[in-house]
Amino acid sequence: MAAAVASAEQVTRVLAGAGLAERVVVANHNAPAQSVLSGPRDAVAEAVDALTAAGFSVRPLPVACAFHSPLVAGAVSRFAEILTAYSVRGPEFPVWANLTGTRYAGDPARVRAGLAEQIAAPVRFADQIEAMYDAGARIFVECGPGTVLTGLVGQILGDRPHVAVPFEPRPDAGLRGHLEALARLAAAGVPVAPARLFSGRDTALADPAAVPERPGWTVDGHLVRTADGRPVPGALRPARRISGIPRAGEQTNEATTIGEREELLREFLRNSREMLAAQRDVLLGYFGAPPAPQAAPPTPEPLPAPAPAALAAAPAPAPAPVGVDVLAEVLAVIAERTGYPVEMVGAESDLEADLSVDSIKRTEIAGELGRRLLGSGADLRSLPDADLEELTRERTAAGIADWLRARAKALVDPDPAPALATSAPVAGESPDPLTGQAPHRYLLRPAPLDPAPVPGAEGAAQLRGKRFLIVADDTPLARALVTRLTALGAHAARGGPDTAQLAGHTGPVDGVLHLGALAGTEQQLLPAKLTVLQELLLRGPRRLLCPRLPDDTSGLDGFVRTAAREYPDTVVRAVELDPDEPATEQAEALVGELLAPGREPVVLRTFGVRRAPVPYESPLGPPVSSGAGPASSGAAAAAALGLGPESVVVLAGGARGITARFTLALAAAARCRVELLGRTPLDDGTGGHHEPAHATDLPALRAALAARGGLSTAEIDREAGRVLARREIAATLAEVHGAGGRARYRALDLRDAEAVQQAVKETYATYGRIDGVVHAAGVIEDRLLAEKDPVSFERVYGTKVDGARALLSALRRLPQLPAFTVMFGSVAAVYGNRGQADYAAANDALARLGRLWRADTGSRTVTVHWGPWAPAGAHGGMVGPELGREYARRGIKLIDPEEGVLALLRELAWGEPETDEVILTASGR
């Protein structure tokens, strides 16, 4: 026998190719990538060679004979005969068989037959574990030496929630290994009776009430900290780096050098005083004397600095403190806003990658720094957009400090056109609560555009001498474009669609036509060609045209709407062509778009007519407007949808944010059952025992986790996010039950089509129905297009688009389709939004998938492009308080959560059945 790191299907193919299929069999189907071969010794040796040559890892097994193969079939009847002499009963609890991968029958005769047949039959361990998991098994215990079965269970189940516990993981495990296994099972929720472990021994159970409380401070060898990770007042503080001090021999400004050296000297003397005071207190305490009272830390003597002037036609702010350490202030503000201790922030830490400080939070930090450094009324968020964006692009605390130092004089000197305003709240004031309002309803309709100029004599004059690059394979349209542009006096060249193929086309270009969306292959333009589009935009063309066909589902329109906002000097445009037109006419249309005025990012061309999709307000008509339909609770809308206590609605996208809001609204309105699918595991295996219960928000959680020590900032951020997610999910489930509904949560990755298929199938099999489906999954990782990482783009895009494809594919296999399907989109797809090229493309693609699904199945399907929601309570969604305040600063109104969910229920109940795309936003943008 031999073990191969390959699936049973892979092994079978290799055996067939080597002519060994009749002599060697797959004896064990152990895991997706582990199989065992059995047969005559020489044939097994040949199989090992064949599998090795095919690239698989194989090793012979030292066994007595060829178990689970036809070679031992003669023992089956003999073993069956012996079993008849023994008393065999049916199982008293469920037992699964290796022979079939299913449960043993209750008939003793069939149990005997199964045991005998197992001698020569293959072991279907993987099927057995899958069947147990489908039946609800989540905890697997390996009895006996080793961890082989534990490892196989992990390979079979992968990331699906489960616990596998070996009782003797190593030869020296002994009693300790036994107790560790029991502890793991107890932590996983298995009832354990620990008293039996102490029976007959001179020991006693520990009193849970006697467990000491967490200490109010910690000592790590050279620093004392409070429970939240901050230095104790008056105690030693961690060393911090003082930047900008010139070394001997360096050429610097003399006055600046003297000031910096004085600062360094004062810092050194302050540290010396603190060290001496600490040593004094230690010795006094040792000799029994009470410590001397702590005086307030001395304030460093300020350095000369210009005093700030009054700002922007408003009451003059209080004078800013002079001589402050700008970097120290920046670090302090970042620490306060993130929750990390100052010593973990670091002057050179990447704010986004290391500390999860996105551009919105950097804007908030800028506002606080303005108040601290320039006075209580100043707010750096009121800088011109270009300056504010430059500040928020700084990726380190040192970079922000350098930016502030370089512009300090300009920020505080009088100016006829001052850069700052004083509308922000002063330090210490609580910001106004972020309120929302009922959303307005908009639909998209094509609006006519001016005809494009005919590429005649005037067009030739505009194109003559210009350089154009056609990014495409050698297609009829690409050739027609080169021919037509050349005939008009332009310089036109074709480059391959990949980055490497474009390397030879250097130099500036006036226009680019990317034909990738017309390729007709399964690989769509997005996200596959993101890097090519990024490179083309960086070349600064005056125009970038991306033609597509009406059935394109790559989300190209949303992408170009965002690119047009980020590249104001380039006309970025998606052009929908008529697929029935010949290549020459399509080329003529695209040349016309090169000459067309205006900056419309999306143009639809049909029969030579140019149109652009434009939102227009379209309130729902009667019975909504008459008041006969909606009720404040949404009960009337739920009844109109046919939803009641027996109904089942699947919500894919977790139990957080606006998904949670809609879940609660359904529970209150219809008392129905809700099946929630999300990527966050509800239980991390600890039962929540290690969560800092006193920390209720992200900064507080980070601070509490940092105080424990041993974790990097990235690990702290991930764990804090997981804790908050688990808490919000648990709160949602509790609220649903409190509202009279029933909810169940299942953790899975929506991009895993097989897992989604299994979840939908099991839900339908359990209840015999699925009445509605809502796809609300989404992640945001905002970054300007020029800085966007392809992996991040794929993650944002795939969560929406691949998740939708997996969900719709699973629904297609049901005996009966749901009565309604809802896709949660975003206004970013309709208007574009700086920093959200991936999110805009994903939501545009989502709407197109929904439109095709409605056309294909005839079922009620609608994509709702939401505007931002006001954060409220535990279910803030993607708009937190900081982003909400930034929206308010930019004049963008927010949707009230209660009004938002009612608007969706009304849309489903009384919206036009043919409407497959609707915009719900409070401010029309």
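Calculation rules
- Residues numbered from 1 in each chain as written.
- Predicted model: local features only at pLDDT ≥ 70, side-chain atom pairs only at ≥ 80, totals over all residues.
- Heavy atoms only, no water.
- Helix = DSSP H or I, 4+ residues; strand = E, 2+ residues; numbered from the N terminus.
- Buried < 20%, exposed > 50% of the residue type's maximum accessible area, 1.4 Å probe, protein only.
- Contact = heavy atoms within 4.5 Å.
- Areas by Shrake-Rupley, 256 points an atom, 1.4 Å probe, with all protein chains shown as cover.
- Axes fitted to C-alpha atoms, helices over the stretch in contact; angles between N-to-C directions.
- Left-handed = near helix turned anticlockwise from the far one by under 90°.
- Nonpolar A, V, L, I, M, F, W, Y, C, P; charged D, E, K, R; others polar.
- pLDDT = per-residue confidence, 0-100.
- Pairing = 2+ DSSP bridges.
- Salt bridge = Lys/Arg side-chain N within 4 Å of Asp/Glu carboxyl O.
- Phe/Tyr/Trp six-rings, centres within 6.5 Å; stacked < 30°, edge-to-face > 60°.
- Lys NZ or Arg CZ within 6 Å of the ring centre and 35° of its normal.
- Patch = residues over 30% accessible without salt bridge, like charges linked within 9 Å, V, L, I, M, F, W, Y side chains within 5 Å.
- Right-handed = clockwise from strand over helix to strand, strands pointing away.
- Expected span 1.5 Å × (residues − 1).

Asker: So what's going on with the overall build of the chain? Residues and values would help.
Answerer: From N to C terminus, the chain includes 30 helices and 23 strands. Here the chain holds 925 residues, and the buried ones make up 44% of them. Taking all contacts inside the chain whose residues are at least 6 apart in sequence as the whole, residues at least 24 apart take part in 74%. Surface exposure of the chain reaches about 45,000 Å², of which carbon and sulfur atoms provide 56%.

Asker: Requested: an account of the packing of helix α22 (residues 657-670) against helix α30 (residues 897-910), with residues and values cited.
Answerer: Following both chains from N to C, one finds α22 and α30 inclined at 65 degrees, their axes separated by 10 Å at the closest point. Seen from above, α22 lies across α30 with right-handed handedness. Facing α22, whose interface residues are R661, F662, A665 and L666, α30 presents P897, V901, L904 and L905. Of the residues contributing to the contact of α22 with α30, the split by class is seven nonpolar, no polar and one charged.

Asker: Outline the confidence of the model for the chain, listing residues and values.
Answerer: Here the chain averages 80 in pLDDT, while 76% of its residues score no lower than 70. Across the chain, the element-wise mean pLDDT spans from 56 in helix α14 (residues 408-412) up to 96 in strand β14 (residues 571-576). In this model, residues 625-631 is a region of pLDDT below 50 whose contacts with residues beyond four sequence positions or in other chains number 13 contacts.

Asker: Can you lay out the sheet that holds strand β1 (residues 2-4) for me, pointing to particular residues and giving the numbers?
Answerer: Strand order in this open sheet of four strands is β2-β3-β1-β4, and the pairing throughout is antiparallel. Looking at the sheet topology across the chains shown, the edges are occupied by β2 (25-31) and β4 (58-60). Between one strand axis and the next, the sheet turns through 20 degrees on average, direction left out of account. When β2 meets strand β3 (residues 34-38), the two strands line up antiparallel, connected through five bridges. In the sheet register, V26 faces β3, and the bridge partner there is L37.

Asker: Explain the side chain of K529 to me, using residue names and the numbers behind them.
Answerer: Checked against the element boundaries, K529 lands in the loop between β12 (511-514) and α18 (530-538). Judged by its relative accessible area of 16%, K529 is buried. Once residues lying within four places of it in the same chain are set aside, the contact partners of K529 are P497 and D498.

Asker: So what about unusual backbone geometry? Which residues, and what values?
Answerer: The step from L526 to P527 runs through a cis peptide bond, and the omega angle for that step is 0 degrees. With respect to the helices, strands and loops of the structure, P527 is situated in the loop between β12 and α18. Look at H68: it is not a glycine, yet its phi comes out positive at around 55 degrees. Within the secondary structure, H68 sits in the loop between β4 and α3 (74-83). With a relative accessible area of 17%, H68 lands in the buried category.

Asker: Requested: an account of the pattern of salt bridges, with residues and values cited.
Answerer: Scanning the entire structure with this criterion turns up 33 salt bridges. A salt bridge links E180 to R176, with the nearest nitrogen and oxygen atoms 3.1 Å apart. In this pair, E180 and R176 are both assigned in helix α7 (residues 174-187), four residues apart and thus about one turn of the helix distant. A relative accessible area of 60% places R176 in the exposed class. Residue R812 is joined to D856 by a salt bridge in which the shortest nitrogen-to-oxygen separation is 2.8 Å. Here the residue R812 occupies a position in helix α26 (residues 790-812), and D856 occupies one in helix α28 (residues 837-857), the gap between them amounting to 44 residues.

Asker: Run through the packing of α3 against helix α4 (residues 108-117), naming residues and quoting values.
Answerer: Between α3 and α4, the least distance of the axes is 8 Å, while the angle of their chain directions is 145 degrees. In the crossing of α3 with α4, the sense of the turn from one axis to the other is right-handed. Note on element contacts: α4 touches α3 through R112, L115, A116 and E117, opposite V76, F79, A80 and L83. Among the residues making up the contact of α3 with α4, the classes are represented as six nonpolar, no polar and two charged.

Asker: So, the packing of aromatic side chains: which residues are in play, and what are the values?
Answerer: Applying the stated criterion across every chain yields a total of five aromatic pairs. With centroids separated by 5.0 Å and ring planes inclined at 75 degrees, the aromatic side chains of W866 and W869 adopt a geometry described as edge-to-face. Just as W866 is buried, W869 falls in that class too. Geometry around Y133 places R160 over its ring, the cationic atom sitting 5.2 Å from the centre. Above the ring of Y616, the side-chain terminus of R445 is found at 4.1 Å from the ring centroid.

Asker: Residues and numbers for the environment of T475, please.
Answerer: Within the fold, T475 resides in the loop between β10 (467-471) and α16 (476-487). Taking the relative accessible area as the measure of exposure, T475 reaches 28% and is therefore partly exposed. For the pair T475 and L515, spaced 40 residues apart in sequence, the C-alpha separation works out to 9.4 Å.

Asker: Residue-level account of a nonpolar patch on the surface, with values.
Answerer: Judged by side-chain polarity, F79, I82, Y86 and L115 come together as a nonpolar surface patch covering roughly 350 Å² of accessible area. Looking at where Y86 falls in the secondary structure, it is placed in the loop between α3 and α4. Classification of Y86 by relative accessible area gives exposed; the value is 54%.

Asker: An account of the environment of R854 is requested, with residue identities and associated values reported.
Answerer: Along the chain, R854 falls in helix α28. On a C-alpha basis, the gap between R854 and E914 in space is 8.7 Å, while along the polypeptide they are 60 residues apart. In contact with R854, other than residues within four places in its own chain, are S859, T861, P913, E914 and D916.

Asker: I'd like a description of the pairing of strand β5 (residues 139-145), backed by residues and values.
Answerer: Pairing geometry for β5 and strand β6 (residues 163-168), over five bridges, is parallel. Looking across to β6, one finds that P145 is bridged to E168. Once you follow β5 into helix α6 (residues 148-157) and on to β6, the crossover reads as right-handed.

Asker: I'd like a description of helix α9 (residues 326-338), backed by residues and values.
Answerer: In this model α9 runs 18 Å from its N-terminal to its C-terminal C-alpha over 13 residues, within 8% of the 18 Å that 1.5 Å per residue would give. Positive backbone phi, at 95 degrees, marks G339, one or two positions downstream of α9.

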